[in-house]
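# Remarks on the overall topology
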Amino acid sequence: MKKRIGLLYGGKSAEHEVSLSTARAVTQALNFDEYDVFPIYITHEGEWRKGEQLMAPVDTIEQLQFNNASNQELPNNISSFLPSHQEKEEAALDVIFPLLHGPNGEDGTVQGLLEVLNLPYIGNGVLASSAGMDKVVMKQLFAIAGLKQVPFVHFIRKEWQKDQESLIGKMEKDLAWPVFVKPANLGSSVGISKASTREELIAAVEMALKYDRKIIVEQGIKAREVEMGVLGNDTPKCSVPGEIKPLKDFYDYQAKYKDGNTAMIIPADVTEEVEQTMQDNAIKAFKVLDCSGLVRADFFVTDEDEVLINEVNTLPGFTPFSMFPLLWQHTGVNYSELIDQLIELAIERHAEKQ
Ligand code: ATP
Ligand code: MG
Ligand code: MG
Ligand code: MG
């Protein structure tokens, strides 16, 4: 029997357009002889719309933005998505593929909704998604797993407002300049800045506080940025490593989505030892966050070949030109096969829970 796949895309986040391109690419990679494909679109305003079953790959992004408000079914009518006993064959989807990024996409909230609906879905569950979205929690868990990382300091808005001076003092004591100031719960480098002086630090914190009540300040490191894909559930596998070479000071939002001229070198030119350390650490990170399906683990590799973990991304960019699919392509798993494997992993994980 054909599997019924729900593509969930769009969303309120800054990455709405990226999500639409990903959804189009996924329809082009899916084998329509094996899958029935159902689009579920979240508008910029956060309205959920269920479209007609797709009978063929989608050519234009506009085709994915059905604007007929009568198609709106969620969350006003969530029960229409719940498989009922009599009509299970008709109503149920076999797997949802959340092609969303950022808050409400990769932070565990949508994953929680899908859990409540008892729908299998691709990728990480609630715990891994939310722990991976909060850089402070993530780094605390990495520390427990014994993973090397840059020193960091964290605080919430109220603490900053109450005693800015002593927090700055702590940072000056624990960290060396320059530092990277980040909202704890974001991605795509939004709200991140580099600060080399006290004045820049204050401005950077004020800016980051516009995005989040929790801030992390990390020691800056001069290093190459090398990433690795992880795929699997209980026995995850690693891809070859890939290096990103931003043509700017750091890999900021502009470099990621606007300039499009960041070089990716796959496989990265690293020693066998560095690659092995990255693999071991990527798996440790995957396990300590209790990940499933996929993650992209991002590392810093210093001139002395020291490997430090920066973060994992639980729903990494997934266009055919994004790092994660390219890493797997170079490891011998093409885009269509990657999607097939993710679907199998989602069904396997769901079955184990029952
Ligand atoms: P994404 O999820 O899109 O990968 P993000 O918003 O989670 O990004 P980070 O990956 O933590 O953000 O940081 C963005 C970029 O900033 C990094 O790719 C790197 O270029 C630079 N950067 C971040 N932290 C540091 C650091 N401690 N030292 C040096 N550079 C850093
Ligand atoms: Mg990230
Ligand atoms: Mg991200
Ligand atoms: Mg990153």
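Right above here is the structure, for reference.
To keep things clear, this report deals only with the structure shown in the data block. Given the structure is predicted, the values throughout are model-derived calculations rather than measurements. (Residues numbered from 1 in each chain as written. Chains lettered and ligands numbered in written order. Predicted model: local features only at pLDDT ≥ 70, side-chain atom pairs only at ≥ 80, totals over all residues. Heavy atoms only, no water.)

### Focus: the sheet that holds strand E7 (residues 179–183)
The sheet built from 4 strands is open, its strands ordered E6-E9-E7-E8 with antiparallel pairing. Of all the strands in the sheet, just strand E6 (152–156) and strand E8 (193–195) have a single pairing partner and so form its edges. Along the sheet, successive strands turn relative to each other by an average axial angle of 25 degrees, direction set aside. Pairing geometry for E7 and strand E9 (residues 214–219), over 5 bridges, is antiparallel. Across the sheet, residue Phe180 finds its bridge partner in E9, namely Glu218. Helix H6 (residues 157–174) rests against E6 and E9 of the sheet, and its axis sits at about 170 degrees to E6. Lying over the sheet, helix H7 (residues 198–208) contacts E6, E7, E8 and E9, oriented at roughly 15 degrees with respect to E7. (Pairing = 2+ DSSP bridges. Helix = DSSP H or I, 4+ residues; strand = E, 2+ residues; numbered from the N terminus. Axes fitted to C-alpha atoms, helices over the stretch in contact; angles between N-to-C directions. Contact = heavy atoms within 4.5 Å.)

### Things to note about the site of ligand 1
Residues in close proximity to ligand 1 total 22 residues, the closest being Lys135, Lys182, Ser189, Glu225 and Asn313. In this structure, a nitrogen atom belonging to ligand 1 sits 2.9 Å away from a main-chain N or O atom of Gln219. Between ligand 1 and Asn310 there is a distance of 3.2 Å, counted from an oxygen atom to a side-chain nitrogen or oxygen. Burial of ligand 1 by the surrounding chains reaches 94%, relative to a free accessible area of 620 Å². Where the shell around ligand 1 is concerned, the elements lending two or more residues are E7, E9, strand E13 (293–301) and strand E14 (307–313). A per-class count over the shell around ligand 1 returns 7 nonpolar, 7 polar and 8 charged. The two domains that each donate at least three residues to the shell around ligand 1 are domain 2 (132–147 + 222–353) and domain 3 (152–219). (Near = heavy atom within 4 Å. Polar contact = N/O pair within 3.5 Å; in protein donor to acceptor, adjacent residues only side chain to side chain. Areas by Shrake-Rupley, 256 points an atom, 1.4 Å probe, with all protein chains shown as cover. Nonpolar A, V, L, I, M, F, W, Y, C, P; charged D, E, K, R; others polar. Domains from an automatic or database assignment.)

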